[in-house]
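# Geometric and topological summary
So you can see what is in the structure, the chains are spelled out below.
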Amino acid sequence: MAVNKKDTLIRALAALYLAILAVITCFMLEWMFKLPTIKYHDYAKYYAAAKIVTSNQSHRIYDLDYQNEVWQDLSHESKTGRKVTLEISPIWPPFLVPFGNLPILNAYWLWQACWISCGVIGIFSVLRSVHGSTPIWTNVYRTFILVIATLACLPEARGMVLGQPCWLILGFVAGFCAAFIAKRDIAAGIMLAISTLKFQYSPFLGIAALASRRWKMIIVAAVVFFALSVSSASIIGADTFIHGPLTLLQWDSNKDLEIDINPQSMVNFRGILSTLLSPEIAMKSSFFLMLTGLLLTLKVWLDAIRIGSKTIPWALSFTVAAFLLFSAHVHMYECVVLVVLPALTFPTFDPVKLLATKDWRMRAWIWLLVSYPILLWFVFLLDVKLFHIVVNGSNLSVLTVFALNLINVVLLLLAAANLYGMKDKTASEIAGASEDLLPTPNQ
């Protein structure tokens, strides 16, 4: 059999690209394996919150003065040091209890192990749901590729150096998508309830359940959310739990806390407005931006259901891109959830077959997602050398913020283009898809 030199070259280049990503991943892991100190700023804040919820002062979790007392004891900073805010959802306390009962170093290893495991399982679950007939080891290999790509990308590097639980966010988003496609409404409902840890994302995921009339999923989500709420209220007190969201909203618009919240570095539309106008205007616009995003997501889901079940992975992809753009609070590290998109939509991971795709929408989608890890490092290097400036005492990564927004906008548009492109397929192609992805009206 003659060897196709072009195919061999493509596969060799793909292997080289994966090797480069693996090297970057090794550097990221070496970074993570350094002894955790207070310099892992966001991890340390979560740990401080964990110490509060496991103490007899747990009801003071949203007391800013007490937060800073705990922070100063932990960090050995003076009272004149940087003021911190422990901005965590009221649903977090039950999840923090195990960490608060451990020394900071042991808690850190548990922190990383738990959340990375959640993300890896989530990616594998999506691949199994989409490619159920594929041998399990093939999906294990695909999971390995996507995990390497995620660990090697700039958002994960940012999350890792801060100690952010971005793999947990990836885990519940991926878990929701996997369970949604597999029609496991109980599992999807649980993931939807857990998503309230980052409650700005929950409405977007809820739109998928509502538009698809997945009533069991919605009921399960409500029951699990109620259970999590009761558990949290029993730890921090009912009054503290009830007033928690309002306190977080007040902090988010407090100019004195702006350095810690850092809205200019957000990689959503609010971040753009904070850069071009002011953080105050951007914050006031956040509600209308989010409402716009929810309405767009609802429109896309209703259209997807009318077109057919082949569109569901694209509707989920649109939803992920939408909540990154339109949510009120999105930082760079949360962009790790974009790894869900290739897991949902790539028909194969063979580079030759991927490049053989004829449809321009799919080709653009594939090229952007495949180049995403290296593309962002290139943007970052340009940013550091040319565009990194300081505004009101805060570092402002102009190019990175705008580039991430632009990429997410393009991904949003391409997801919609591929979804609506299903209309161009023949009726037999659409009918050939597994209609099990959609519930019956009585389900």
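Residues numbered from 1 in each chain as written. Predicted model: local features only at pLDDT ≥ 70, side-chain atom pairs only at ≥ 80, totals over all residues. Heavy atoms only, no water.

For helix 7 (residues 154-162), a buried count of seven out of nine residues is recorded, marking the element as mostly surrounded by other parts of the structure. Residues of helix 7 that are buried: Leu-154, Pro-155, Glu-156, Ala-157, Gly-159, Met-160 and Leu-162. Immediately beyond the C-terminal end of helix 7, within one or two residues, lies Gly-163, with a positive phi of roughly 80°. (Buried < 20%, exposed > 50% of the residue type's maximum accessible area, 1.4 Å probe, protein only. Helix = DSSP H or I, 4+ residues; strand = E, 2+ residues; numbered from the N terminus.)

With that settled, the discussion passes to the side chain of Thr-150. Tracing the sequence through the fold places Thr-150 in helix 6 (residues 136-151). Among the residues examined, Thr-150 registers a relative accessible area of 3% and is labelled buried. Only 2.7 Å separates the side chain of Thr-150 from the backbone oxygen of Leu-146, close enough to count as a polar contact. Residues contacting Thr-150, with those up to four places away along its chain left out, are Glu-156, Trp-167, Val-336 and Val-339. (Polar contact = N/O pair within 3.5 Å; in protein donor to acceptor, adjacent residues only side chain to side chain. Contact = heavy atoms within 4.5 Å.)

Taken together, Leu-9, Leu-13, Leu-16, Ile-20 and Ile-374 make up a surface patch of nonpolar side chains, about 440 Å² in accessible area. The biggest single contributor to the nonpolar patch is helix 1 (residues 5-32), with four residues. With respect to the helices, strands and loops of the structure, Leu-16 is situated in helix 1. (Patch = residues over 30% accessible without salt bridge, like charges linked within 9 Å, V, L, I, M, F, W, Y side chains within 5 Å. Areas by Shrake-Rupley, 256 points an atom, 1.4 Å probe, with all protein chains shown as cover. Salt bridge = Lys/Arg side-chain N within 4 Å of Asp/Glu carboxyl O.)

Turning to the confidence of the model for the protein, a few remarks are in order. Overall, the predicted model of the protein reaches an average pLDDT of 85, with 86% of residues at or above 70. Across residues 389-395 the pLDDT falls below 50, and counting only partners more than four positions away or on other chains, this stretch makes ten contacts in the model. Contacts from residues 426-443, a stretch scored under 50 in pLDDT, to residues over four places away or in other chains number 28 contacts. (pLDDT = per-residue confidence, 0-100.)

Now for helix 3 (residues 64-75). With twelve residues, helix 3 ought to run about 16 Å at 1.5 Å a step, and its terminal C-alpha atoms sit 16 Å apart, in line with that. What helix 3 keeps buried is the set Leu-64, Tyr-66, Gln-67, Asn-68, Val-70, Trp-71, Gln-72 and Ser-75. The N-terminus of helix 3 is capped by Asp-63, whose side-chain oxygen sits 3.1 Å from the backbone nitrogen of Asp-65. (Expected span 1.5 Å × (residues − 1).)

Looking now at the packing of helix 2 (residues 41-53) against helix 4 (residues 93-100). Remark: helix 2 packs on helix 4, axes separated minimally by 8 Å, with the N-to-C direction vectors making an angle of 95°. What the angle tells us is that helix 2 and helix 4 run roughly perpendicular. Residues Tyr-46, Tyr-47, Ala-49, Ala-50, Lys-51 and Val-53 of helix 2 touch helix 4, and the partners they reach there are Pro-93, Leu-96, Val-97, Phe-99 and Gly-100. A breakdown of the residues in the contact of helix 2 with helix 4 according to their chemical character gives nine nonpolar, one polar and one charged. (Axes fitted to C-alpha atoms, helices over the stretch in contact; angles between N-to-C directions. Parallel < 35°, antiparallel > 145°, perpendicular 65-115°, else oblique. Nonpolar A, V, L, I, M, F, W, Y, C, P; charged D, E, K, R; others polar.)

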